[in-house]
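Structural overview
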Amino acid sequence: MLPLLVAASAAYYIRISPLAEQRLHALGKQTIKQQQLETALTYFSTAAEHGNTSRSHLLLVLHLQRCGAAPDKTRDAFRQAVMFDRSDHRLLQAWALYESKNGNMHRAVHLLRRAAEIDHAALGALRWKRFREYCRSQNPLASPSTKRGTPLPGYEDYGI
């Protein structure tokens with residue numbers, strides 16, 4: 001009987017209003033200024049769980065990074081955020097930057113390419129030095145040739 005009640009009550013669930021979600025964001029920011037990081041985590045988690053926007057998920061993930069949460073917990077929060085809104089390129093860019101800072105450049109470049117498929121403005125991040133150097137190091141055709149300036153074999157007697 002209990003599972004039937006839970007299933008029936010789930011049909012009546014209504015997400016919080018955008019105004020309430022913004023209020024939770026403001027309270028989270030205020031408690032961060034007061035150095036109450038656990039309370040801020042509660043506000044951001046509630047906004048992400050019951051809110052309507054991907055901004056709540058982004059604020060939660062950024063706060064987890066600020067608190068120095070375990071990488072697995074932060075990655076799970078990123079996964080939930082992307083599952084919530086697959087069309088938000090900002091979430092993918094933030095995740096890519098997080099992965100690049102943690103040394104997982106392959107995943108970071110993959111996430112940036114996915115973000116660029118959603119919004120071409122995200123292509124600019126692939127031009128950042130850390131991503132550009134990684135892409136060059138992984139692509140043998142993009143690396144500079146060591147033979148530039150040397151004559152081709154067999155053409156020595158042409159004076160080239």
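Residues numbered from 1 in each chain as written. Predicted model: local features only at pLDDT ≥ 70, side-chain atom pairs only at ≥ 80, totals over all residues. Heavy atoms only, no water.

One can expect most non-glycine residues to show negative phi and most peptide bonds to be in trans. Although it is not a glycine, Gln35 sits at a positive phi angle of roughly 60 degrees. Gln35 gets classed as exposed once you look at its relative accessible area, which sits at 64%. (Buried < 20%, exposed > 50% of the residue type's maximum accessible area, 1.4 Å probe, protein only.)

Time to look at the nonpolar core. Ranked by size, the top nonpolar core spans 31 residues in total, and within it Leu60, Phe78, Trp95, Leu112 and Phe131 carry the most contacts. Counting residues per element, the ones that place at least two in this core are helix 3 (37-50), helix 4 (54-67), helix 5 (71-84), helix 6 (89-101), helix 7 (105-118) and helix 8 (129-138). It is helix 7 that provides the largest number of residues to this core, a total of 7 residues. For Leu112, the contacting residues outside a window of four places in its chain are Gln93, Ala96, Ala125, Leu126 and Phe131. (Core = buried A, V, L, I, M, F, W, Y, C linked by side-chain atoms within 4.5 Å. Helix = DSSP H or I, 4+ residues; strand = E, 2+ residues; numbered from the N terminus. Contact = heavy atoms within 4.5 Å.)

What the rule picks out here adds up to 3 aromatic pairs. Ring centres of Phe78 and Trp95 lie 5.5 Å apart, and the angle between their planes is 0 degrees; this geometry places the pair in the stacked category. You can see Phe78 sitting in helix 5 and its partner Trp95 sitting in helix 6, a full 17 residues away along the chain. For the pair Phe78 and Trp95, one class covers both residues: buried. (Phe/Tyr/Trp six-rings, centres within 6.5 Å; stacked < 30°, edge-to-face > 60°.)

Looking now at the side chain of His63. Locating His63 in the fold gives a position in helix 4. There is a polar contact of 2.8 Å between the side chain of His63 and the side chain of Arg66. Those residues within four positions of His63 in sequence are excluded, and the remaining contacts are Ile32, Leu37, Ala40, Leu41 and Phe44. (Polar contact = N/O pair within 3.5 Å; in protein donor to acceptor, adjacent residues only side chain to side chain.)

To continue, consider the environment of Ala40. Note on placement: Ala40 falls in helix 3. Sequence separation between Ala40 and Leu24 is 16 residues; the distance between their C-alpha atoms is 8.9 Å. In this structure Ala40 touches Gly28, Thr31, Ile32 and His63, once residues within four positions along its chain are discounted.

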